[in-house]
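# Inside the fold
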Amino acid sequence: MKIKLIAILLVSSTFISGCFERGKFEYVTTIDQTFKYTLDKSGEFSESSTLTSNEIARKVLDLDLADDFIIKEVNIKKVGMKFNFGSGSTADAIQYRVFVGNASGRDPFLSADGSQSHIPTDFFGQIGVEFAVTQFLNNKGAGTVKRVLSEVLVGNSEVYGVNNGKSYRMDLEGIVPNGKRLVGTIDLILDVDVTYETCEEVPIGFAEEECIF
Amino acid sequence: MKKTLPLLFLLCLSFRVKAQNFDDFLKAYEGQNQISYFQPLSDVLTAGLNSGHVDRMPLDSSFHFTIKLIGNRSYFITDKLRTFEPLDAEGQALGFQVPTIVGPSETVVIENQNGSADTYVPGSGSRFIPLVAPQITIGNFAGTSLSLRFAQYKGKESDDTFRWIGAGVQHNLGRYFLKNTNDFLVFNYAFQKLGMNNYFDFTTQRASIHAGKQAKLYHFYGFLGFQTGKLDADFEYEDSQDLTSQFNISLKNKNKLVGGVGAGLKLSVLIINAEVSLLQPTVVSANVGLSF
């Protein structure tokens, strides 16, 4: 009887012990940074749109990532433009360049070397389909964006209410061909990969290492 | 949480992650890269679930009833299941390795010349994959015993119910030609199915031959077999644009051959058994139970 009792206790304790730990996991998620421009232009134009640190951080907050997390790295995944034209818009191509600016200056961000870029005026222009323009990305401007985003996000475990005075703006400059008019909105959309670290309660062994925060 | 549960159970019954984290896994890849990323799930489940079915062999015809808890640890001795070489949009191999879902917990970032970067999501970084299963074994009838596994978890919603059923039969072939009754040659066949309504189904089968020696207090054996596993997952999740996307994947295990060694003790009603399957992934299986 004693042996049976010991055996039952041994088996029960194996069940109960469970062996959990708070393991460290790394994830990557994508947030967008969107700059909006409302245009009613002919000839040359220049418009600016700014994102503050609070607006940058809000994108991460919207994700409801985890109870605790630390952002480790940000990278620009791709850049897209969305054209959405209203009635009265006659332009079917524009020249445009985009500059990224912050407190320390301005760098080229997107450039098609001054060539005309065809823009959708038909059905696709009406529904606002996003077109990839990552191929026109400038290395220096991309570095500026990454630096600003990193200053706001990386190392933060509490992004709520971030207001460190950091911001960046995107200047959209262009030329509407002679005799044409551009009426509508243009969205410049940066898809940014955010690598973050968080802790989950998991059985021992499931994670690479235990959490220290 | 509803979206979190399906593959969660594939990895570990009690692994809890937030829906957002889980969706980040799902939207990481498309096409062949998605299959390569998730492929080890099928191999790990096939190897892990099939371990521990057999311990004491059905050598005689005396009746016994065993209830036991099987604990498995699946180890990845090499990087074969932990990394894969991704393909570009044209299907060309990119020439570097990135983590699979059970691979290193390190994000791989490939910087492009224009300042953009391609980010390859990390794996779970698991040192090993633990798995626990309750099992009863009934025997012996004409050198044959039957093992059964069953587990059910009811979620908050009706389609969150998770079920795991398994059955195995072991027959002592040695009784027909082996003169020493302590030696054995046993055929084992096991079938298991686990799934969650509307999310995924996993089925696996193993046929194996176990040969060894069994005394009153101890036993040891070697085994060689063939196993198949098939994972079908199909459910909706939110992508990075907050749109509903379909996650649809069908995976078969790559490593069909399985072999290993095992040994154990029978101390009164207590049965302890340990088993190592030596082919990828290496599974260390230990089980403890009561036999009446």
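Above: the structure in question.
Structural notes, computed from the coordinates. (Residues numbered from 1 in each chain as written. Chains lettered and ligands numbered in written order. Predicted model: local features only at pLDDT ≥ 70, side-chain atom pairs only at ≥ 80, totals over all residues. Heavy atoms only, no water.)

## Thoughts on the overall build of chain A
Along the backbone of chain A there are four helices and nine strands. Each helix and strand of chain A, placed in order from N terminus to C terminus, yields the pattern α-β-β-α-β-β-β-β-α-β-α-β-β. Among the 213 residues that make up chain A, the fraction classed as buried is 46%. For chain A, the share of sequence-separated contacts (at least 6 apart) that also reach a separation of at least 24 residues comes to 86%. Accessible surface for chain A amounts to roughly 10300 Å². Of this, 51% is attributable to carbon and sulfur atoms. (Helix = DSSP H or I, 4+ residues; strand = E, 2+ residues; numbered from the N terminus. Buried < 20%, exposed > 50% of the residue type's maximum accessible area, 1.4 Å probe, protein only. Contact = heavy atoms within 4.5 Å. Areas by Shrake-Rupley, 256 points an atom, 1.4 Å probe, with all protein chains shown as cover.)

## Points about the state of the cysteines
All names here are of chain A. For the structure on display, the rule yields one disulfide over all chains. Through a disulfide, Cys199 is tied to Cys211; the S-S separation comes to 1.8 Å. Taking the sign of the S-S torsion, about -105° here, the bridge from Cys199 to Cys211 comes out left-handed. On the criterion of sequence distance, the pair formed by Cys199 in strand 9 (residues 182-203) and Cys211 in the segment after strand 9 is long-range, its members being twelve residues apart. (Disulfide = S-S within 2.5 Å.)

## Some words on the nonpolar core
Counting 83 residues, the largest nonpolar core has Phe109, Tyr168, Met170, Leu182, Leu188 and Leu190 of chain A as the members making the most contacts within it. Leaving out residues up to four positions away in the same chain, Met170 of chain A has contacts with Phe35, Tyr37, Glu47, Ser48, Ser49, Val98, Phe99, Val100, Phe109, Val145, Leu188 and Leu190 of chain A. (Core = buried A, V, L, I, M, F, W, Y, C linked by side-chain atoms within 4.5 Å.)

## Overview of the pattern of salt bridges
What the rule picks out here adds up to 19 salt bridges over all chains. Here Lys78 of chain A and Asp191 of chain A are joined by a salt bridge, their closest N and O atoms 3.5 Å apart. In this pair, Lys78 of chain A is assigned in strand 3 (residues 69-85) and Asp191 of chain A in strand 9, connecting sequence segments 113 residues apart. What makes Lys78 of chain A partly exposed here is its relative accessible area of 33%. Its salt-bridge partner being Lys146 of chain A, residue Glu111 of chain B comes within 3.4 Å of it at the nearest N-O pair. Here Lys146 of chain A lies in helix 4 (residues 139-153) and Glu111 of chain B lies in strand 4 (residues 108-111), a pairing that spans two chains. Note on Glu111 of chain B: relative accessible area 49%, which makes it partly exposed. Residue classification places Lys146 of chain A among the partly exposed positions, given a relative accessible area of 25%. The network of salt bridges with shared partners includes Lys24, Glu26, Lys72, Glu197 and Glu209 of chain A. (Salt bridge = Lys/Arg side-chain N within 4 Å of Asp/Glu carboxyl O.)

## Focus: the side chain of Glu26 of chain A
Topologically, Glu26 of chain A is positioned in strand 1 (residues 20-41). For Glu26 of chain A, a relative accessible area of 7% translates into the label buried. At 2.5 Å, the side chain of Glu26 of chain A forms a polar contact with the side chain of Thr107 of chain B. Apart from residues no more than four positions distant in its own chain, Glu26 of chain A is found in contact with Lys72, Thr195, Tyr196 and Glu197 of chain A together with Ser105, Glu106, Thr107 and Pro122 of chain B. (Polar contact = N/O pair within 3.5 Å; in protein donor to acceptor, adjacent residues only side chain to side chain.)

## Considering the pairing of strand 13 (residues 257-267) of chain B
Residue and element names in this part refer to chain B. Both strand 13 and strand 14 (residues 270-277) contribute to a ladder of eight bridges, which runs antiparallel. The residue of strand 14 that forms the bridge with Lys266 is Ile271. Taken together, strand 13 and the strand that follows it, strand 14, pair antiparallel across an intervening segment of two residues, in which Ser268 is found at a positive phi of about 55°. (Pairing = 2+ DSSP bridges.)

Nothing here speaks to function; it is all geometry.
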